[in-house]
Amino acid sequence: MRTVLRRPDFRLLFVALLASMAAESMLLLALAIWVKDLTGSDGLAGATIFAIIAPMMLAPLIGWVVDRYRRRPFFVVANLGTALLLSPLFAVRDRADVWIIYVVAACYGLSYLTLHATLSGLLRQLVPSELLADANGALQTVRQGLRLGGPLAGAALYATVGGWLLTSLAMTGFVVAAAVVGLLRVTERPPAAAALRWPAELGAGLRHLTHEAALRRALLGYGLGSLVMGFTESLIFAYVDQGLRRDAAFVGVLIAVQGIGGLVGGLLSSTVVRRVGELGALAVGVTLFGPAALILAWPDLRLGVLALLLAGLSLPLTMVGLTTLVQRRTPPGLLGRVTAASEALVSGPQAVSIGAGALLVGVFDYRLLFVLVGVVTTAAGLWLWRGRRLTPPVPPKQPVPPTTPPVARIPAPRRPLPDPTADRLPGR
């Protein structure tokens, strides 16, 4: 990780993403708490996350648009657009305005997909292939580390001041990210003209994912786990409310605990990728989510801390494994569509899962649902582990030892041959 941070271009991008990720970490949980506070419903609070993920169905269109433009200027414009779309939150006053939060959440989901697809291509241009896992690991370390203070800060700001200050800070973070990326100097060629008709261009990302064996297995396994992982977005509110008997803002404390596990997972993720490959790292991440969910079926705060640490550890391993796999196995001109399509194939089942979880938590005991999540994710992780040989570990690039220039050898002076007539006497 230190190797990639020594690169000036990556450090500049790193600073920009630090600003936008800080805004995101404060905002997302606060939106769900905001809905919970206005409505009193665990299901409606979890549905906020559903609103963010639901627009992933438009991923092929978003990826196609991203691939038609140069990465750096498009990334700048997308950050500025994200800041602008948050502004309607200033109009939220009471329960009747909850629909505004949902609309903003849906627009943010589109923006997130756009930024993620653009960032993947930008990283591919800035960082050599052997350092992609380190770059993704560094970004995930920051993202998960921000869970330590970001959600708590967002919840505290909302509780003490209200949503207006939270919205202002989030908008500022995305504007700063746009300004810093604008300073980045990247030599980019204009995207190649479309070789196929636009329907075929839209589906190019999906075709690549289905034809590449490692990507196909990764998305099938992770998609299976995502079918139930989304339950936890609503279950965590029920766990805090019904199990721990605390108010909704305490969810921010648990997310901060999850951030500690995520920080450790981010630091270890590049090492795990080098040891077991991208698919192996993805398998470890999905599998760890299983015991975390099973532990949460028992409402005890000490066990809950352990479960959230395991869940936090699993997230960066999952994301770094999948992201690095997509970046290494995809041609640069197709990376926007493939990244967006892979995000949709994972987030689509997760969106269904979040929606189902928001309904099921009102019908079934949340502890039973946590058990279901644990069993399914463990099975999905083990199936992914069986296919880890599709992505063998890539050893780090070894430095070439300096070669010693050959020393020029000066030939010794040749001794003259003896004259055969030198020892003959005259007249002989």
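Described below are features of the structure shown in this document. The structure displayed is predicted, hence computed values, not measured ones. (Residues numbered from 1 in each chain as written. Predicted model: local features only at pLDDT ≥ 70, side-chain atom pairs only at ≥ 80, totals over all residues. Heavy atoms only, no water.)

## Considering the nonpolar core
Link 1 in the chain: The biggest cluster of nonpolar side chains holds 109 residues, and the ones touching the most others in it are F10, L86, L89, V127 and Y239.
Link 2 in the chain: It is helix α2 (residues 8-39) that contributes the most residues to this core, 15 residues altogether.
Link 3 in the chain: Residues in contact with Y239, not counting those within four places in the same chain, are L244, L254, L296, W298, P299, D300, L301, G304, Y366 and F370.
Link 4 in the chain: I53, A59, A117 and I354 belong to the second largest nonpolar core, which has 13 residues in total. (Core = buried A, V, L, I, M, F, W, Y, C linked by side-chain atoms within 4.5 Å. Buried < 20%, exposed > 50% of the residue type's maximum accessible area, 1.4 Å probe, protein only. Helix = DSSP H or I, 4+ residues; strand = E, 2+ residues; numbered from the N terminus. Contact = heavy atoms within 4.5 Å.)

## With respect to unusual backbone geometry
Link 1 in the chain: In the Ramachandran plot, R245 falls in the positive-phi region, its phi being about 60° despite a non-glycine side chain.
Link 2 in the chain: Within the secondary structure, R245 sits in the loop between α13 (231-243) and α14 (251-295).

## Thoughts on the packing of aromatic side chains
Link 1 in the chain: One pass over the structure, following the stated rule, counts 6 aromatic pairs.
Link 2 in the chain: With a centroid separation of 5.6 Å and an interplanar angle of 20°, the aromatic rings of Y69 and F74 are classed as stacked.
Link 3 in the chain: The class of Y69 is partly exposed, set by a relative accessible area of 45%.
Link 4 in the chain: You can call F74 buried: its relative accessible area is 18%.
Link 5 in the chain: Pairwise contacts between aromatic rings join Y239, Y366 and F370 into one cluster.
Link 6 in the chain: Across the ring face of W383, the terminal group of R217 is positioned such that the distance to the ring centre comes to 4.0 Å.
Link 7 in the chain: Of note, R246 hangs over the ring of F250, and the distance from its end group to the ring centre comes to 4.4 Å. (Phe/Tyr/Trp six-rings, centres within 6.5 Å; stacked < 30°, edge-to-face > 60°. Lys NZ or Arg CZ within 6 Å of the ring centre and 35° of its normal.)

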